[in-house]
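Survey of secondary and tertiary structure
Next come the chains, spelled out residue by residue.
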Amino acid sequence: MTATVTAEVSSTVRSTGKRRRTTELGLLVLAVIIILGAYALASLGRNASLPADIWPFLVVLLALLVGAHVANRRLARCADSLLLPIAALLNGIGYVFIARLDKDLAALQASWTAVGIGAYVATLVVIRDVRVLQRYRYTAGLVGVVLLVMPLFPVLGRNINGARIWVSLGPVGFQPGEIAKIAFAIFFAGYLVERRELLGVATFRVGPFNTPDPKHFAPILLAWGISLVVLIFQRDLGSALLFFLLFVIMIWVGTGRVSYLVVGSVLFLIGAFASWKAFGHVRRRVDVWINPWADPHGSGYQIIQAAYALAWGGTSGVGPGLGIAGRIPYDSTDFIFAVIGEELGLLGTTAVLCAFLLLAGSGLRIARESRDPFPALLAVGLTVLIAFQAFVIMGGVTRLLPLTGVTLPFVSYGGSSLVSNYVLLALLVRISDQTARRGPDRLLVR
Amino acid sequence: MKRQIKALGLVILLCYLALFLKLNQVQVLEAQSLSDRPDNTRQLQRDFNQPRGDIVSADQQLVATSVDVHAPLRYQRRYPTRDLFSAVTGYYSFTLGSDGVERSYNEELAGRTASLRLHRLSGFFSDSSSEGNVVLTVRQDLQQTAKDALGDRPGSVVALDPRTGAILAMWSNPTFDPNAVSNNDTKAAKAAKDLYEQAAANPMLPKAYRERYFPGSTFKVVTATAGLTSGKVTTTTPEFPVVTSYTPPGTSHAISNFDGMACGGTLFTVLARSCNSSFAQMAAEVTGPDPMVAAAEAAGFNQAPPIDLPRPAASAYPTDFGKVTQRPDGKAPVYESTAMLALTGIGQGDVRSTPLQMALVAAGVGNRGEIMTPHVMAEIKARDGEVVQRYRTSPWKESMTPEIAATLREGMIGVVTGGTAQIMQTPGWEVGAKTGTAQLGVKPPRSHGWMIAFAGPPGEPAHVAVAVIVQDLPGVGDETGGTTAGPVAKAVLDKALAVLG
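Let me begin by describing the structure that accompanies this report. (Residues numbered from 1 in each chain as written. Chains lettered and ligands numbered in written order. Predicted model: local features only at pLDDT ≥ 70, side-chain atom pairs only at ≥ 80, totals over all residues. Heavy atoms only, no water.)

Residues and elements named next belong to chain B. Read across the open sheet, the six strands follow the order β3-β2-β1-β6-β16-β17; overall the sheet is mixed. One side of each edge strand has no neighbouring strand; the edge strands of this open sheet are β3 (75-78) and β17 (387-390). Relative to strand β16 (residues 377-381), strand β6 (residues 133-136) runs antiparallel, the two sharing four bridges. By the bridge assignment, V134 is partnered in β16 with I380. (Pairing = 2+ DSSP bridges. Helix = DSSP H or I, 4+ residues; strand = E, 2+ residues; numbered from the N terminus.)

This is how it looks when you write it as structure tokens:
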């Protein structure tokens, strides 16, 4: 009986894996065509000639994506087929726009992409079973804290653009906070899976409400504290917001108790209000958000230029390579979405939006299908990181939210961000592969 | 946990939906107002940092070009002919905007039209930019002739080809030097503009198509058209009484002939001698209001001509002369404003016309009653000289039937052979013309001198039509138009016939 079930499962798994990898290959080819087309068009738009390096570009692009695809075939045969192609598409489109804005940055970004895909493969090689990470939850938490406070050390840290989130090791500078996010997601998934029963039981009465014992609120307070540290000492609003969202959402999903969401929101509001009161730079951000035209040549300049760029693009955009480059400060990092909006229009921005939505949907589907709580919760955390980071920066650029400077995952220029997002992607791929391999819930029930 | 994941999915979906709505707001709904904000110099900045096409006259004179000035605004506009083409090209200024061809063909000059972009990519040697050159129908030699002939006197000259509507010359004096206002140096451009605006005669206004004047006796061509079209006037009837003045019914104000001259007769006679008494009576008592309004509007009055220049002025003719107040036996009904109707018959009262409109009136007579759409663009060329767009000529108005046009043509030729416009006689060509003296005031007497004319091979549609106004002359006389505007029109007509054939 057990033997037949196992055989049935393994044959189903094989065919699932085969189908998924074929789909993935097809989608990757599609992504390559889109990226190559955009690259050629951007160059045609700017110089009326095909890019001189179009063939090397195609070779490198294919080499990287085929490399990642082969790694999936070898190391994660049954993994979801959407994740890699979407990441590749976003990464490629981002590269096209960085190349169109700044050739030197593009060369660096190409190297970082290679490193990122290397990190992706390495993660798949090293982490064969994602549940192993559960054992290292406290290590992960510690690593996260160390990475986060690293920039604050006098020798290591550097102040760039008013935020102290950089660390330089010799010639290489990176933002440890990007990796810290993943470490915290692992820590929280592990911690919550261990404590979820305790955290989920309401034993403590406050007036008419039953709430869990206040001592279990310790982690959420810790998260709040860490966010504030990031906010106060590193002046990195975006990351602070993201950490806090990550923690609150993971606790809520892990325990199933809405009270954590409520408490979290209240804490967020208190924190937000207090920092608005206390810090000039937070107040400035809010003022600019409410009315950027109060200081159009100073603090409002960037957001106004982004709005003009988006408006200039209109529905279908002015065309790749045909926009006015160099008007928006940080156009290749935080504000690349505005450049895409100018040159590809609403159609382009909506496409990017859909890509992130698909990525988030895939991540949550992976979480839902997983039988084990730890991988499921980890998948939730990783999805939250990517989906909300993208939302926060796209919302900031379009003035839906106050601007908080974070990168647009896979699209913006930035080595640390790109590499850590590829690691994050590899973890999702690994979780989805494992779930499919062991058979999702319903398969075993049947 | 699964329920929360589902809820989380919904939350993310809602967040992205909000983002999508916000993008629609910024990129579609409010896009235009954001792009139009005065501090949004995106369009301008872009335009001044890329080369802009040349404007070239029909006889290959470079009229406007962009020069790389190696400054933050990389390109500056230069007009090698200085003020000669300013009424046509207008100006192109970073701070003051643009006018003329620079404005109406901005997309072509900037290379933003689909045909120019496509051409750029299709070329064997692809160009790095796609700006287009505008080739004008306006000729430098005719502009120079018009400028020299008019001299220092304020006025305007319009010459066009009645067969196509192509403007051959368009000159107004005083005018401006577009180099000064197109200076990329904001302060210098502003100073130049202020200086021009303080000048009395508004030099920056292209008066040839944007200023309206009393057309005076040149409007009698329209009055005659109305009479002929209504069927109440023919070449033989009525015979207008030979009088020195005419008093319309319902008023005591007499309309006098110039210098107290006694004047009358049939249509061709009164046209040749420009009898005010006869045409006032023709409008008021013979033709009546409706045919007058119809003929004026058929000639293009009360509408802005569809010329390819910005904001052309619409010439004006009254549309309402009130109710019938009396119906005398055996005579035409009298309207509340019959006195005004009589005045409009001689191009006074509430009639106003641009010089361009009066040139179109002459062109209509010369071209079998068909007024072609006036235009200054002949073709758009890509950088490599290939023509990507040609102006497609089209009829604008049928100002009269071909039969009436033939009759009126004969009448206007009569004005040249034996009337007030004998100065226009040109051996070898058939020339029709009408003089005009538009009275401005009595103390002291002042007037505009007009001449409208067409010329071409005998019996064929005219090759050239002109309208000339010399503004604000001292004195009033029936010779005023012929002696002041006449020589200017004659010079331009001769030159045009010489170069065009």
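Right, let's get into the packing of helix α12 (residues 220-230) of chain B against helix α14 (residues 276-287) of chain B. Residues and elements named next belong to chain B. Two elements in contact, α12 and α14, have axes whose closest approach is 10 Å; the angle formed by their N-to-C orientations is 40°. It follows from the interaxial angle that α12 and α14 lie oblique. In terms of crossing hand, the pair formed by α12 and α14 is left-handed. Residue-level inspection shows K220, T223, A224, A226, G227 and S230 of α12 in contact with α14, the latter providing N276, F279, M282, A283 and T287. Taken together, the residues of the contact of α12 with α14 break down into five nonpolar, five polar and one charged. (Axes fitted to C-alpha atoms, helices over the stretch in contact; angles between N-to-C directions. Parallel < 35°, antiparallel > 145°, perpendicular 65-115°, else oblique. Left-handed = near helix turned anticlockwise from the far one by under 90°. Contact = heavy atoms within 4.5 Å. Nonpolar A, V, L, I, M, F, W, Y, C, P; charged D, E, K, R; others polar.)

Another aspect to go through is unusual backbone geometry. With an omega of 0°, the peptide bond between N173(B) and P174(B) qualifies as cis. Within the fold, P174(B) resides in the loop between β8 (166-173) and α9 (178-181). For the bond running from T237(B) to P238(B), omega is -10°, close enough to zero to count as cis. Take P238(B): it is sitting in the loop between α12 and β9 (240-243). Even without being glycine, F410(A) reaches a positive phi, approximately 70°. By the secondary structure assignment, F410(A) is in the loop between α14 (373-397) and α15 (415-438). Of note in the backbone geometry, S274(B) takes a positive phi value of approximately 55° without being a glycine.

Residue and element names in this part refer to chain B. Most of strand β21 (residues 464-474) is tucked away, with nine of its 11 residues classed as buried. By the bridge criterion, nine bridges tie strand β20 (residues 445-456) to β21 in an arrangement that is antiparallel. Looking across to β21, one finds that I452 is bridged to A467. (Buried < 20%, exposed > 50% of the residue type's maximum accessible area, 1.4 Å probe, protein only.)

Moving on to the interface of chain A and chain B. Tallying the contact residues gives 55 residues for chain A and 38 residues for chain B. Between chain A and chain B, a total of about 4200 Å² is buried, with carbon and sulfur atoms accounting for 68% of that surface. In this assembly, chain A and chain B are joined by zero salt bridges. If you look at where chain A meets chain B, you find seven residue pairs in polar contact (both at pLDDT 80 or more). Among the residues forming the side of chain A that touches chain B, the class breakdown is 34 nonpolar, 14 polar and seven charged. (Buried area = accessible area lost by both parts, 1.4 Å probe. Salt bridge = Lys/Arg side-chain N within 4 Å of Asp/Glu carboxyl O. Polar contact = N/O pair within 3.5 Å; in protein donor to acceptor, adjacent residues only side chain to side chain.)

Okay, the side chain of T65(B) next. Residue and element names in this part refer to chain B. Here T65 is to be found in strand β2 (residues 62-68). You can call T65 buried: its relative accessible area is 15%. A distance of 2.7 Å separates polar atoms of two side chains, one belonging to T65 and the other to D54. Not counting residues up to four positions away in its chain, the partners in contact with T65 are D54, Q76, R77 and R78.

What follows covers the sheet that holds β20(B). Where strands meet in a sheet, backbone hydrogen bonds hold them as pairs that are either parallel or antiparallel. Residue and element names in this part refer to chain B. Strand order across the open sheet formed by five strands is β8-β7-β21-β20-β19, with antiparallel pairing between neighbours. Each of the sheet's edge strands pairs with one partner strand only, and the pair in question is β8 and β19 (430-442). Averaged over all pairs of adjacent strands, the angle between strand axes in this sheet comes to 10°, irrespective of strand direction. Taken together, the six bridges between strand β7 (residues 155-161) and β21 define a ladder with antiparallel strand orientation. Its bridge partner lying in β21, A159 is registered against V466. Across the sheet, helix α8 (residues 140-150) touches β7, β8 and β21, and the angle it forms with β8 is around 30°. Helix-sheet contacts for helix α19 (residues 480-500) involve β7, β8, β19, β20 and β21, and the interaxial angle to β21 is about 150°.

Moving on, we come to the packing of helix α9 (residues 237-255) of chain A against α14(A). Residues and elements named next belong to chain A. Where α9 meets α14, the axes come as close as 9 Å, and the angle between the chain directions of the two elements is 145°. In terms of crossing hand, the pair formed by α9 and α14 is right-handed. When α9 is examined against α14, the residues L241, L242, L245, L246, I249, M250, V253 and G254 are found in contact with a partner set consisting of L377, V380, G381, V384, L385, F388, Q389 and V392. Grouping the constituent residues of the contact of α9 with α14 by class yields 13 nonpolar, three polar and no charged.

This next bit is on the pairing of β20(B). All names here are of chain B. The buried fraction of β20 amounts to 10 of the 12 residues, a majority that puts the element mostly inside the structure. Strand direction decides the pairing type here: β19 and β20, joined by 12 bridges, are antiparallel. Among the inter-strand pairings, V431 is bridged to a residue of β20, identified as A455. The loop that links β19 with its antiparallel partner β20 comprises two residues.

Attention now moves to the nonpolar core. Counting residues in each nonpolar core, the largest one holds 139 residues, and the members touching the most others are F356(A), L378(A), M394(A), L8(B) and Y16(B). Ranked by residues supplied to this core, first place goes to α14(A) with 17 residues. Once residues within four sequence positions are removed from consideration, L8(B) is found in contact with I249(A), W252(A), V253(A), L364(A), V380(A), V384(A) and F388(A). If you look at the next biggest cluster of nonpolar residues, it comprises 117 residues, including L136(B), L150(B), I167(B) and Y209(B). (Core = buried A, V, L, I, M, F, W, Y, C linked by side-chain atoms within 4.5 Å.)

Another aspect to go through is the environment of A200(B). Inspection of the secondary structure puts A200(B) in the loop between α10 (186-198) and α11 (207-210). When the C-alpha atoms of A200(B) and P174(B) are compared, they prove to be 9.7 Å apart, with 26 residues separating the residues in sequence.

Within this structure, the stated rule accounts for 24 aromatic pairs over all chains. Between W293(A) and Y308(A), the ring centres sit 6.4 Å apart and the planes meet at 45°, which makes this aromatic pair tilted. Here W293(A), found in the loop between α11 (280-290) and α12 (301-313), pairs with Y308(A), found in helix α12; they are 15 residues apart in sequence, far enough to count as distant. A centroid spacing of 5.3 Å and a plane angle of 85° characterise the contact between F219(B) and F301(B), whose relative ring orientation is edge-to-face. In this pair, F219(B) sits in the loop between α11 and α12 while F301(B) sits in the loop between α15 (289-298) and β13 (324-326), placing the two residues 82 residues apart along the sequence. The two residues F219(B) and F301(B) agree in class, both being buried. Three or more aromatic residues joined by ring pairs make a cluster, and in this case those are Y138(A), F184(A), F187(A), F188(A), Y191(A), F243(A) and F247(A). In this arrangement the basic side chain of R37(B) is found over the ring face of W293(A), its NZ or CZ atom lying 4.1 Å from the centre. (Phe/Tyr/Trp six-rings, centres within 6.5 Å; stacked < 30°, edge-to-face > 60°. Lys NZ or Arg CZ within 6 Å of the ring centre and 35° of its normal.)

None of the figures reported here should be taken as evidence of function without further support.
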